Amino acid sequence: MNETDVELLRERGLRVTQGRLAVLDVLGRMPHSDAEAVHRALADAGHGTSVQSVHNVLGDLTGAGVLRRFEPERSPARYERRIDDNHHHAVCSRCGKVEDVDCVVGEAPCLHADAPPGFTVQAADVTFVGLCAECTGTDGSSAVA
């Protein structure tokens, strides 16, 4: 049992359950996973749980601020444990791979838009869509001419 996860759940007012700890463990190893991938990983590890239970746990953990939920275009919602910064995501339109992109400003909000009068921007969520290095056959280090 991961004592850090136990403390985190308690700090956020959640009961510590084997299901919640198992989901946190999966997302620690497989960031940016959707509910189906989490369910498959749990099933492969011998956890007898339903997809609906996984959705319920993901919803509880997201609602308590333990997980971050984001929805890439034309993709099911994904979940990750990296929550306390204002990073963004790069999503490959061919294979669906998701990678983190650090905020260039270093703090929220990363972008400043012309918001309506009286509206305070607290965060900006940017998704970069393109092709990953594997899908383009490059290592990502080549310079643009």
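Residues numbered from 1 in each chain as written. Predicted model: local features only at pLDDT ≥ 70, side-chain atom pairs only at ≥ 80, totals over all residues. Heavy atoms only, no water.

## Some details on the sheet that holds strand 5 (residues 127-130)
Note the cut-off: Here the rule is simple: two strands pair whenever DSSP picks up at least two bridges between them. Here a helix means four or more residues in a row that DSSP labels H or I, a strand means two or more in a row labelled E, and each is numbered from the N terminus. Axis definition: a line fitted to C-alpha atoms, over the contacting stretch in the case of helices. Angles run 0 to 180 degrees between N-to-C directions.
Here three strands make up an open sheet; going across it, the order is 4-3-5 and the pairing mixed. In the strand order of this sheet, the two ends are held by strand 4 (98-101) and strand 5, each with one partner. Each neighbouring strand pair of the sheet contributes to a mean axis angle of 25°, computed without reference to strand direction. Both strand 3 (residues 88-92) and strand 5 contribute to a ladder of four bridges, which runs parallel. Along strand 5, the bridge assignment pairs valine 91 with valine 129.

## What to know about the pairing of strand 4
Strand direction decides the pairing type here: strand 3 and strand 4, joined by four bridges, are antiparallel. The partner of histidine 88 across the bridge, within strand 4, is valine 101. Counting the residues between successive antiparallel strands, the hairpin from strand 3 to strand 4 contains five residues, one of them, glycine 96, with a positive phi of roughly 85°.

## Some thoughts on unusual backbone geometry
The phi torsion at histidine 32 lies on the positive side, around 70°, for a residue other than glycine. Structurally, histidine 32 is set in the loop between helix 2 (18-29) and helix 3 (35-44). The residue arginine 74 is not glycine, and still its phi comes out positive at about 55°. By the element assignment, arginine 74 lies in the loop between strand 1 (68-70) and strand 2 (78-80).

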